[in-house]
Amino acid sequence: MSESTQAQRPAGVNHLVLNVADIEISHRFWTELMGFELVSTVQLGSEMRFYRSGPGHHHDIAIMQCTQPPSEPAPQRWRPSGRRMGVNHIAIGYPDRESFLAQLSHLQANAVTFHLRGNHGMTHSAYINDPDGNGIEVLYELPVEVWDGDVRAALGHFEPLPTEGPEALEDRTDYPIFPARDVVTA
Ligand SMILES: [Fe+2]
């Protein structure tokens, strides 16, 4: 490691590009099911399409038609396991609780399976698959005051919820608070 240079603090994750088995099926997933808008299409050997959540972003997600047939069928069910190499899951945040709940209703109404549904200490989440079996987390962020006192404890918290029926669309707002660990409470 060089001693005359140092890594700079990143602004965050900027965008994600996925190679997909069928670009039309993945297009419908990212637009009609997930709510992104198509920004541009380019030909780079194979077709690539760029999507954004809205103005102010150039692209959040891009997909590219994969030219090789998949070596194995897409998994039918996603779990946060370490069994496969590569991306475990991609988290898509919705702006607030109301849009998150409307998004869950939209997914359920379109027969998208929730493989896992639950409350983390810092997000409330549902886990689905994209058409190629990649894990997709649909979430909204809880208020920063809820979790930034002890991010590690918030990250380690998970309350599983029902994945089917109207119960899968319910959302509690009595968020557990994760205070700083050096705060002594009476
Ligand atoms: Fe996640």
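Thresholds, definitions, all that
Residues numbered from 1 in each chain as written. Predicted model: local features only at pLDDT ≥ 70, side-chain atom pairs only at ≥ 80, totals over all residues. Heavy atoms only, no water. Helix = DSSP H or I, 4+ residues; strand = E, 2+ residues; numbered from the N terminus. Buried < 20%, exposed > 50% of the residue type's maximum accessible area, 1.4 Å probe, protein only. Lys, Arg positive; Asp, Glu negative; His and termini not counted. Charge placed at Lys NZ, Arg CZ, Asp CG, Glu CD. Core = buried A, V, L, I, M, F, W, Y, C linked by side-chain atoms within 4.5 Å. Domains from an automatic or database assignment. Contact = heavy atoms within 4.5 Å. Donors = N, O, S within 2.8 Å, 3.2 Å for Na, K, Ca; no water. Buried area = accessible area lost by both parts, 1.4 Å probe. Polar contact = N/O pair within 3.5 Å; in protein donor to acceptor, adjacent residues only side chain to side chain. Nonpolar A, V, L, I, M, F, W, Y, C, P; charged D, E, K, R; others polar.

Side note on the overall build of the chain
Assigned secondary structure in the chain consists of 4 helices and 9 strands. The N-to-C order of helical and strand elements in the chain reads β-α-β-β-β-β-α-β-β-β-α-α-β. Oriented by its inertia axes, the alpha-carbon framework of the chain measures out at about 65 × 60 × 35 Å. Relative to its full complement of 186 residues, the chain shows a buried share of 37%. Of note, the chain has its 13 positive side-chain charges centred 4 Å away from the centre of its 24 negative side-chain charges.

Let's talk about the nonpolar core
The biggest cluster of nonpolar side chains holds 33 residues, and the ones touching the most others in it are Trp30, Met34, Ile92 and Ile128. Elements represented by at least two residues in this core include exactly strand 1 (16–20), helix 1 (23–33), strand 4 (61–65), strand 5 (89–93), helix 2 (97–109), strand 7 (123–129), strand 8 (135–141) and helix 3 (144–147). Looking at which domains feed residues into this core, each of domain 1 (14–67) and domain 2 (88–186) supplies at least three. Once residues lying within four places of it in the same chain are set aside, the contact partners of Ile128 are Phe29, Met34, Trp78, Leu107, Val112, Thr113, Phe114, His115, Asn134, Gly135, Ile136 and Val138.

Structural notes on the coordination of the iron ion
Binding of the iron ion to the protein goes through His89 (NE2) and Glu137 (OE), at separations of 2.0 to 2.2 Å. Highlighted residues: His89 in strand 5 and Glu137 in strand 8, separated in sequence by 48 residues.

Let's talk about the domain arrangement of the chain
When its domains are assigned, the chain resolves into domain 1 (14–67) and domain 2 (88–186). When each unit is reduced to the centre of its C-alpha atoms, the spacing between domain 1 and domain 2 is 24 Å. In this assembly, 14 residues from domain 1 lie in contact with 16 residues from domain 2. Taken together, both faces of the contact between domain 1 and domain 2 bury some 1000 Å²; the carbon and sulfur share is 71%. In terms of surface lost to domain 2, no three residues of domain 1 exceed Phe29, Leu33 and Met34, which account for 52% of the buried area on that side. Applying the counting rule to domain 1 against domain 2 returns 4 residue pairs in polar contact (both at pLDDT 80 or more). Of all the secondary structure elements, the ones that give two or more residues to the side of domain 1 that touches domain 2 are strand 1 and helix 1. Each residue belonging to the side of domain 1 that touches domain 2 can be placed in one class, and the counts come to 11 nonpolar, 2 polar and 1 charged.

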